[in-house]
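Structural description and commentary
Read off the chains here:
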Amino acid sequence: MRLALLGAAVVAGAAGYSVYAYYHSPYWNRVGLAPAQPVLFSHRHHAGELRIDCRFCHATVETSADAGMPSTQTCLTCHSQLFRDAPMLAPVQASAEENTPLLWSRVATLPDHVHFNHSAHVSHGIACASCHGDVADMALTAKAHPLTMRDCLACHRDPEPQRVTADEVFARAPRSAGATMATLVPVHARPLTNCSTCHH
Ligand code: HEC
Ligand code: HEC
Ligand code: HEC
Ligand code: HEC
Ligand code: HEC
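Residues numbered from 1 in each chain as written. Chains lettered and ligands numbered in written order. Predicted model: local features only at pLDDT ≥ 70, side-chain atom pairs only at ≥ 80, totals over all residues. Heavy atoms only, no water.

**A closer look at the overall build of the protein**
If you tally the helices and strands in the protein, you get 9 helices and 0 strands. Within the protein, buried positions represent 22% of all 200 residues. A separation threshold of at least 6 residues defines the contact pool for the protein, and within that pool the share at least 24 residues apart is 63%. Of the accessible surface of the protein, which amounts to about 13,500 Å², a share of 63% is contributed by carbon and sulfur atoms. (Helix = DSSP H or I, 4+ residues; strand = E, 2+ residues; numbered from the N terminus. Buried < 20%, exposed > 50% of the residue type's maximum accessible area, 1.4 Å probe, protein only. Contact = heavy atoms within 4.5 Å. Areas by Shrake-Rupley, 256 points an atom, 1.4 Å probe, with all protein chains shown as cover.)

Right, dumping it as structure tokens:
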């Protein structure tokens, strides 16, 4: 009987642990998995090799909560001439002709009960790379970090060592982290770990 009870406890513990491990695993959080997209758009080509600024396509990232997504017209500033008839770009041309937006699959998302604000982070020296990884090296865009509450809190407890200078916010591998705090706008004095910072 004791053996059976012990056995049951071990099995329950193992099952509980697998659920826990799966929930925190990169697979559950979709880290490294690129979703299917209507066009095989490559950040590595556009942001990496061609060095197009993030803000050319994500125009509101410094000024509002949403980073913003490029319209078909933004793609056509180049592709109305360049590779106009390439099969890979057919969905872009169709979107322009039919006046229907391209429906990109989301990569980084939060549940509705969580508030997030890009401009608050970007204007306080938090680099895109801290949360999204080295996007300019991604052929297909995938999540680099789980973006769970744990991730957010790990920084909110002590953001100073992670802050970079303004000119490095868009850098692929910022090097100024923690070294130049005196030159930055101070983080507003309030506990960033209060539940109401992110949930209200
Ligand atoms: C500033 C100019 C520019 C803009 C804006 C631009 N592209 Fe491109 N795109 C290029 C160039 C140049 C290439 C060729 C890259 C190469 O082959 O070296 C290219 C290549 C491509 C290709 C072919 C596959 C590849 O990566 O080589 C696709 C698909 C593509 N672009 C989609 C898009 C989409 C979708 C948008 C809008 C979100 C867009 N592009 C915006 C310049 C641009
Ligand atoms: C030429 C336009 C263009 C440029 C430049 C560009 N992006 Fe994008 N970005 C896109 C498009 C189109 C998508 C949607 C397709 C995809 O996810 O790859 C996207 C998606 C993303 C996503 C995923 C959003 C989500 O949750 O679905 C992130 C993060 C991102 N971009 C970050 C960046 C960063 C950081 C830079 C600068 C290093 C950058 N982008 C430069 C066009 C661009
Ligand atoms: C502190 C973490 C963090 C930083 C820094 C950050 N992002 Fe994001 N980003 C997120 C999260 C979280 C989401 C998902 C938001 C949601 O679903 O409400 C997101 C979503 C996006 C999207 C999808 C569109 C949108 O607004 O939801 C794009 C594009 C993007 N980020 C680009 C960028 C760029 C470019 C930078 C740097 C200038 C950047 N991000 C900096 C965490 C961050
Ligand atoms: C690498 C560091 C870092 C990470 C990761 C991070 N944050 Fe922040 N966050 C900050 C800093 C610094 C501030 C303070 C900006 C200020 O002083 O206004 C901030 C402020 C905020 C604010 C307040 C915005 C406002 O308008 O006052 C919210 C909401 C927020 N973060 C949500 C999130 C969420 C949700 C996540 C996880 C998906 C996250 N943050 C991840 C550094 C980070
Ligand atoms: C810095 C931002 C941030 C702060 C501060 C924060 N949360 Fe969260 N919270 C998140 C994010 C992001 C998620 C969604 C991702 C996840 O489930 O990990 C989340 C999810 C949750 C969930 C849902 C969990 C689930 O499994 O669906 C609960 C409940 C929650 N938070 C409670 C709290 C409480 C209570 C506090 C204060 C002690 C708090 N949060 C503080 C960012 C935050």
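**Re the coordination of the iron atom of ligand 1**
Looking at the iron atom of ligand 1, one finds its protein donor set to be His46 (NE2) and His79 (NE2), positioned 1.9 to 2.0 Å from the metal centre. Coordination at the iron atom of ligand 1 comes from 6 donor atoms whose angles at the metal span 86 to 180°, giving a geometry best classed as octahedral. Residue His46 is located in helix H2 (residues 43-49), and its partner His79 is located in helix H4 (residues 72-79); the two are separated by 33 residues in the primary sequence. Taking the relative accessible area as the measure of exposure, His79 reaches 13% and is therefore buried. (Donors = N, O, S within 2.8 Å, 3.2 Å for Na, K, Ca; no water. Tetrahedral: all angles 85-135°; square planar, octahedral: opposite > 155°, others 65-115°.)

**Concerning the coordination of the iron atom of ligand 5**
The coordination sphere of the iron atom of ligand 5, as far as protein atoms go, consists of Met149 (SD) and His199 (NE2), spread over 2.0 to 2.1 Å. Among the residues examined, Met149 registers a relative accessible area of 55% and is labelled exposed. With a relative accessible area of 31%, His199 lands in the partly exposed category.

**A short note on the packing of aromatic side chains**
Enumeration according to the criterion identifies 1 aromatic pair in this entry. Judged by centre distance (6.4 Å) and plane angle (65°), the rings of Phe41 and Trp104 are edge-to-face. Residue Phe41 is found in the loop between helix H1 (2-23) and H2, and its partner Trp104 is found in the loop between helix H5 (90-98) and helix H6 (118-122); the two are separated by 63 residues along the sequence. Geometry around Phe170 places Arg55 over its ring, the cationic atom sitting 3.9 Å from the centre. (Phe/Tyr/Trp six-rings, centres within 6.5 Å; stacked < 30°, edge-to-face > 60°. Lys NZ or Arg CZ within 6 Å of the ring centre and 35° of its normal.)

**Here we look at the environment of Arg30**
When you line up the elements, Arg30 lands in the loop between H1 and H2. The partly exposed category is assigned to Arg30, whose relative accessible area is 47%.

**Overview of H4**
Among the residues making up H4, those that are buried are Thr72, Thr74, Leu76 and His79. In this structure, the buried side of H4 is in contact with H2, helix H3 (54-57) and H5.

**Description of the pattern of salt bridges**
This structure, assessed with the given rule, holds 7 salt bridges. The salt bridge partner of Arg44 is Asp137, with a shortest N-O separation of 3.4 Å. Within this pair, whereas Arg44 is found in helix H2, its partner Asp137 is found in the loop between helix H7 (128-132) and helix H8 (149-156), the two being separated by 93 residues in sequence. The residue Arg55 makes a salt bridge to Asp53 at a minimum N-O spacing of 2.9 Å. Taken together, the shared-partner salt bridges in this structure form one network comprising Arg44, Asp134, Asp137 and Arg172. (Salt bridge = Lys/Arg side-chain N within 4 Å of Asp/Glu carboxyl O.)

**Focus: the packing of H4 against H5**
Across the interface, H4 lies against H5 with an axial gap of 10 Å and an inter-helix angle of 120°. Between H4 and H5, the crossing angle belongs to the class labelled oblique. Crossing handedness for the pair H4 and H5: left-handed. Only Val92, Gln93, Ser95 and Ala96 of H5 make contact with H4, whose side of the interface consists of Thr72, Cys75, Leu76 and His79. Residues that form the contact of H4 with H5 fall into these classes: 4 nonpolar, 4 polar and no charged. (Axes fitted to C-alpha atoms, helices over the stretch in contact; angles between N-to-C directions. Parallel < 35°, antiparallel > 145°, perpendicular 65-115°, else oblique. Left-handed = near helix turned anticlockwise from the far one by under 90°. Nonpolar A, V, L, I, M, F, W, Y, C, P; charged D, E, K, R; others polar.)

**Description of the site of ligand 5**
Among the 16 residues in the neighbourhood of ligand 5, the closest are listed as Met149, His156, Cys195, Cys198 and His199. Within the backbone of Met149, an N or O atom sits 2.9 Å from an oxygen atom of ligand 5. Between ligand 5 and the protein, one listed contact pairs a nitrogen atom with a side-chain N or O atom of His199 at 2.8 Å. Broken down by secondary-structure element, the contributors of at least two residues to the shell around ligand 5 are H8 and helix H9 (195-198). Looking at which element gives the most residues to the shell around ligand 5, the answer is H8, with 4 residues. Grouping the amino acids of the shell around ligand 5 by side-chain chemistry returns 10 nonpolar, 6 polar and no charged. (Near = heavy atom within 4 Å. Polar contact = N/O pair within 3.5 Å; in protein donor to acceptor, adjacent residues only side chain to side chain.)

So far we have only geometry, and geometry alone does not tell us how the molecule works.
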